[in-house]
Amino acid sequence: MAAKLPAKLEEVGEVRLETDILIIGAGNAGCYAAIEAKRRRPDLRVTLMEKAHIDRSGCLASGMDAINTYIKKNETVENLVRWSRAQAGGLLREDLTITMAELLNQAIEEWEEWGLPIKKDENGEYLARGRWDIAIQGSEMKVILAEKVREYGCEVLNRVVATNYLLDGDRVIGAMGFGVRDGKFYIIKAGATIVATGGAAGLYKPYTNDGVDSHHQIWYCPFNVGTGYAMGIRAGAEMTTFEMRWCAVRTKDFNGPIDTISVGYKAPMINAKGEKILAERYAHMGGDASPRFVRANAPMEEWLAGRGPCYVDTRHMTPEQVKTLKIDYLNERPSFVLFLAARGQDITREPIEVYGSDPYIVGGHTASGYWIDVKRATTLPGLFACGDVAGGVPNKFVGGCAAEGMLAARGAIEYLESLADRGQVDESLVAAEKARVYAPAIRQVREGDGVIPREMEERLQRLMDEYAGGVHQFYRMNRERLEYALKHLAILKDQTRYLVAHDLHELMEAHEIIDRLDVAEVLVHHLLFREETRWPGWQNRVDFPERDDTRFDCFVNSRRNPQTGEIEVFTRPYEQIIPGDRYRP
Ligand SMILES: Cc1cc2nc3c(=O)[nH]c(=O)nc-3n(C[C@H](O)[C@H](O)[C@H](O)COP(=O)(O)OP(=O)(O)OC[C@H]3O[C@@H](n4cnc5c(N)ncnc54)[C@H](O)[C@@H]3O)c2cc1C
């Protein structure tokens, strides 16, 4: 039973903890960070703070059917960088990608040792699904990882939501948050802090969301709302490449992953006329192997040109293949099998309709997130970042996020060992955060009325969709629309002082919307700054339709001034380590 809402701050209970390493987010990267920290330094206290429950939280909650990046026998780290660089329109941090790739296979092979079933071919090698993908039966992969975290003796605080960092100047000395079940305020002081809260979902209106009964029918984990980014933005951390949004082709009206079908079963994307879109119109970009931003854009172009709807053509598949395809989905997105059954759809006769997803900010797929160094240190002393919340390394996916978790743990230990002191908690900051966190609940008890989070979420998502290049606008945007978005984001931010929460769950939702507004504002600044179109499906400036290497062959970074709230946007140069044409794999 959840605790009652407090009528005043004095009623709120407190939990104070002191730990060596605090990891915020016990998803894939966070769990690997915890395991790596404990096995390197078993004497350290390692604490995970998790908004949901570690057994089934984050992107891996319902399982996976593939590991998208694994370096097979005939491949190299350098080749992975070349491929990923071309997939990302020539823009990634090569130093970070190399260090991630060097640990990639270790993370995956360990998972197998711990119990993850990985499919094998006739030679006993991992079963390839594409050049870098391998097929797994990953329905239980998160449970396996959670068990390992417990075995290593890490401390797990389930259902505790982080809301802000604990700061000593600009140094991060832990985090604060609240219990979604016990209602208590948590103040956790740490020697080093690792953020692993995943990416940001729910910034834009999804076409699958009817606002009533399919509120969370989206592709990315709906509980990853970008709080990790928001906490960094508020504390003045440098962020990178938010404008490289992740939009993907998904099954229409369901938002299910499509690589399972198009890569796994070589099903081509076709338009309403039955033309093979990628092979015929995008041969110069690699046809079916075109970068993902091309693939995301392709069905939208077809719709705009009057050639929609679009499909993945499954009509060549044998009944046996359909059966294994459904098993694959049962490993990753079980409800898709029910979706097909509910429609009575025989995919050997009727192809599966596809459409673009709503846009997400996801550092494990594109390069958005914290600006970090090779040790995964952010620009805030004491804070490390890994997984989807960390920037610079697109195409990390499952294995890369796990590898980065290990790197962040090593970085955090090194930092901890170099510390002369662990910093001072400023009680006035703690009191201010406590008042901020519980304000929507206390307002509801005292005033009995206000704006509920769902109402503000609807407004935010529509605003972003219509003015900042959402799926209903075929991802298109221009300066005027983006400026409109910024103006109205400011109005919404001002209205957060009317937010109310009727229970602890709604209190969590109130903070989810506050955090999304901070992330959305930075995102729009990035979209405005990049006056070119580098990734048509991800970032499509109709007023600057071409790629402009003279001005934008670089990273776009930002930093919000914690005192004034002003957002500064600037560039950082590209540094090439692996030779070759950056636009070809
Ligand atoms: C539907 C789907 C299918 C995918 N398919 C594949 C695939 O087939 N192959 C592949 O390689 N990759 C795939 N990926 C990508 C891959 O799963 C992710 O990139 C990776 O697992 C992300 O790991 P992470 O630890 O960064 O984030 P997550 O695993 O999402 O972990 C983030 C954690 O932070 C917690 N959290 C969030 N906010 C807070 C807060 N305020 N306080 C405390 N905790 C918080 C969350 O509850 C969560 O547990 C898929 C992703 C999705 C969503």
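Owing to the predicted nature of the structure, the values given are computational and were not obtained by experimental measurement.

S.K.: Would you take a moment to explain empty space enclosed by the protein for this structure?
M.R.: In this approach a probe as big as a water molecule rolls over the atoms, and the regions it shows empty are the leftover space. For the structure on display, the rule yields 4 cavities of 30 Å³ or more. A volume near 70 Å³ is recorded for the largest cavity. Forming the walls of the largest cavity are 11 residues, and the residues nearest its centre are G202, H215, H216, I218 and Q461. Of the residues contributing to the lining of the largest cavity, the split by class is 4 nonpolar, 5 polar and 2 charged. Two domains each donate at least three residues to the lining of the largest cavity, and these are domain 1 (12–63 + 141–246 + 366–426) and domain 3 (428–555).

S.K.: For this particular structure, what's the right way to read the sheet that holds strand β18 (residues 554–560)?
M.R.: Strand order in the open sheet formed by 4 strands is β14-β9-β18-β19, with antiparallel pairing between adjacent strands. Looking along the sheet, the strands with just one partner apiece sit at the ends: β14 (369–370) and β19 (567–573). Inspection of the sheet shows strand β9 (residues 239–240) paired to β14 by 2 bridges, in the antiparallel sense. Of the residues in β14, the one forming a bridge with T240 is G369.

S.K.: Just to check I follow, could you spell out helix α15 (residues 504–529) for this structure?
M.R.: It helps to recall that an α-helix has 3.6 residues per turn; residues three or four apart then point in one direction. Compared with an ideal rise of 1.5 Å per residue, which puts 26 residues at 38 Å, α15 spans 38 Å between its outermost C-alpha atoms and is within 8% of the ideal. Of all 26 residues in α15, 23 are buried, a share of seventy percent or more. The N-terminus of α15 is capped by D503, whose side-chain oxygen sits 3.1 Å from the backbone nitrogen of H505.

S.K.: What am I meant to see in the site of the ligand here?
M.R.: As a structural note, the neighbourhood of the ligand is formed by 34 residues, with A29, E50, S57, N224 and D388 the closest of them. Summarising the interface, the protein chains cover 97% of the accessible area of the ligand, which totals 1000 Å² for the free molecule. Sorting the residues of the shell around the ligand by element identifies α1 (28–40), β2 (46–50), β3 (66–67), β6 (160–168) and α11 (397–417) as the ones contributing at least two each. The residue makeup of the shell around the ligand, split by class, is 17 nonpolar, 12 polar and 5 charged.

S.K.: Before we go on, may I ask you to explain the nonpolar core in this structure?
M.R.: Proteins that are soluble and globular tend to have nonpolar side chains buried together. The biggest cluster of nonpolar side chains holds 177 residues, and the ones touching the most others in it are I21, W111 and Y370. Sort the elements by how many residues they give to this core and α11 lands first, with 12 residues. Of all hydrophobic cores here, the second largest spans 19 residues; its members include I173, V180, Y438 and A501.

S.K.: For this particular structure, what's the right way to read the packing of helix α13 (residues 453–467) against α15?
M.R.: Relative orientation and spacing of two packed helices are given, respectively, by the angle between their axes and the distance between those axes. Between α13 and α15, the least distance of the axes is 9 Å, while the angle of their chain directions is 20°. On the basis of their axis angle, the class for α13 and α15 is roughly parallel. For the element pair α13 and α15, the recorded crossing hand is left-handed. Packed against α13, whose contacting residues are P453, M456, E457, L460 and M464, the element α15 presents E506, E509, A510, I513, R516, L517, A520, L523 and V524 at the interface. Classifying every residue of the contact of α13 with α15 by side-chain character gives 10 nonpolar, no polar and 4 charged.

S.K.: Help me understand the packing of aromatic side chains in this model?
M.R.: Each aromatic ring pair is characterised by the separation of its centres together with the angle its planes make. In the structure shown here, the tally under the stated rule is 21 aromatic pairs. An angle of 50° between the planes, with centres 5.6 Å apart, marks the rings of W246 and W538 as tilted. With W246 in the loop between β9 and β10 (249–251) and W538 in the loop between α15 and β17 (540–541), this residue pair connects regions lying 292 residues apart in the sequence. For the residue pair W246 and W538, the accessibility class agrees, reading buried in each case. Considering the side-chain rings of F336 and F339, the 5.9 Å spacing of their centres and the 20° angle between planes classify their relative orientation as stacked. With F336 and F339 both in helix α10 (residues 335–343) and 3 residues apart, this pair spans about one turn of that helix. We classify F336 as buried; its relative accessible area is 0%. Ring pairs connect the aromatic residues W219, Y220, W246, F293, Y360 and W538, which therefore count as one cluster. The ring of W371 has R93 sitting right over it, with the charged end atom 4.3 Å from the ring centre.

S.K.: Just to check I follow, could you spell out the state of the cysteines for this structure?
M.R.: One covalent bond between the sulfur atoms of two cysteine residues makes up a disulfide. Evaluation of the coordinates by the stated rule reveals 0 disulfides. Left unpaired, C59 is separated from the closest cysteine sulfur, that of C221, by 5.7 Å.

S.K.: Help me out: how do you make sense of helix α14 (residues 479–495) in this one?
M.R.: Its 17 residues place the ends of α14 25 Å apart at the C-alpha level, agreeing with the 24 Å of an ideal helix rising 1.5 Å per residue. If you check which residues of α14 are buried, you get L482, A485, L486, H488, L489 and L492. Of the surrounding elements, those touching the buried residues of α14 are α13, β16 (476–477), α15 and β17. The N-terminus of α14 is capped by N478, whose side-chain oxygen sits 3.3 Å from the backbone nitrogen of E480.

S.K.: What's the story with unusual backbone geometry in this structure? I'm lost.
M.R.: In most cases, non-glycine residues show a negative phi, while peptide bonds are predominantly trans. The omega torsion of the bond from G308 to P309 falls at -5°, within 30 degrees of zero and hence cis. Structurally, P309 is set in the loop between α8 (292–304) and β12 (310–312). Backbone geometry at K266 places phi at a positive 50°, although glycine is not the residue there. Inspection of the secondary structure assignment puts K266 in the loop between α6 (259–262) and β11 (269–270). Residue class for K266 comes out exposed when judged on its relative accessible area of 63%.

S.K.: Got a minute to help me understand the domain arrangement of the protein in this structure?
M.R.: Note: interface size is frequently given as the accessible area lost on complex formation between the parts. Segmenting the protein into domains produces domain 1 (12–63 + 141–246 + 366–426), domain 2 (248–357) and domain 3 (428–555). Taking only C-alpha atoms into account, the centre of domain 1 sits 33 Å from that of domain 2. Looking only at domain 1, the three residues that lose the most surface to domain 2 are Y207, W219 and W246, adding up to 57% of its buried area. Linking domain 1 with domain 2 are 0 salt bridges, by the criterion used here. When the residues that make up the side of domain 1 that touches domain 2 are grouped by side-chain class, the tally is 5 nonpolar, 5 polar and no charged.

S.K.: Explain the sheet that holds β11 to me, please; I cannot follow it from the model alone.
M.R.: To summarise the sheet geometry, strands pair through backbone hydrogen bonds and adopt either a parallel or an antiparallel arrangement. Here 4 strands make up an open sheet; going across it, the order is β10-β13-β12-β11 and the pairing antiparallel. Because the sheet does not close on itself, it has two edges, and the strands there are β10 and β11. In this structure, β12 lies alongside strand β13 (residues 352–356), joined through 3 bridges in antiparallel fashion. Its bridge partner being in β13, C310 is matched across the sheet by V354. Each of β10, β11, β12 and β13 is contacted by α8, which is oriented at about 100° to β13, the strand it contacts most.

S.K.: Whenever I open this one, the UniProt feature "active site" (unreviewed entry) in the protein confuses me. Can you help?
M.R.: Under the UniProt annotation, "active site" (unreviewed entry) lies at R292. Following the sequence through the fold, R292 ends up in helix α8. Given the relative accessible area of 11%, R292 is considered buried. Setting aside residues up to four positions removed in sequence, R292 forms contacts with N68, W83, Q87, W246, D259, N395, F397 and W538.

The rules we used
Residues numbered from 1 in each chain as written. Predicted model: local features only at pLDDT ≥ 70, side-chain atom pairs only at ≥ 80, totals over all residues. Heavy atoms only, no water. 1 Å grid on protein atoms, 1.4 Å probe; cavity = no way out; pocket = protein on both sides within 12 Å on 5 of 7 lines; lining within 4 Å. Points joined across faces, edges and corners; volume = space filled by probe spheres on them. Nonpolar A, V, L, I, M, F, W, Y, C, P; charged D, E, K, R; others polar. Domains from an automatic or database assignment. Pairing = 2+ DSSP bridges. Helix = DSSP H or I, 4+ residues; strand = E, 2+ residues; numbered from the N terminus. Expected span 1.5 Å × (residues − 1). Buried < 20%, exposed > 50% of the residue type's maximum accessible area, 1.4 Å probe, protein only. Polar contact = N/O pair within 3.5 Å; in protein donor to acceptor, adjacent residues only side chain to side chain. Near = heavy atom within 4 Å. Areas by Shrake-Rupley, 256 points an atom, 1.4 Å probe, with all protein chains shown as cover. Core = buried A, V, L, I, M, F, W, Y, C linked by side-chain atoms within 4.5 Å. Axes fitted to C-alpha atoms, helices over the stretch in contact; angles between N-to-C directions. Parallel < 35°, antiparallel > 145°, perpendicular 65-115°, else oblique. Left-handed = near helix turned anticlockwise from the far one by under 90°. Contact = heavy atoms within 4.5 Å. Phe/Tyr/Trp six-rings, centres within 6.5 Å; stacked < 30°, edge-to-face > 60°. Lys NZ or Arg CZ within 6 Å of the ring centre and 35° of its normal. Disulfide = S-S within 2.5 Å. Buried area = accessible area lost by both parts, 1.4 Å probe. Salt bridge = Lys/Arg side-chain N within 4 Å of Asp/Glu carboxyl O. UniProt positions renumbered as here; feature names shortened; annotations may be inferred.

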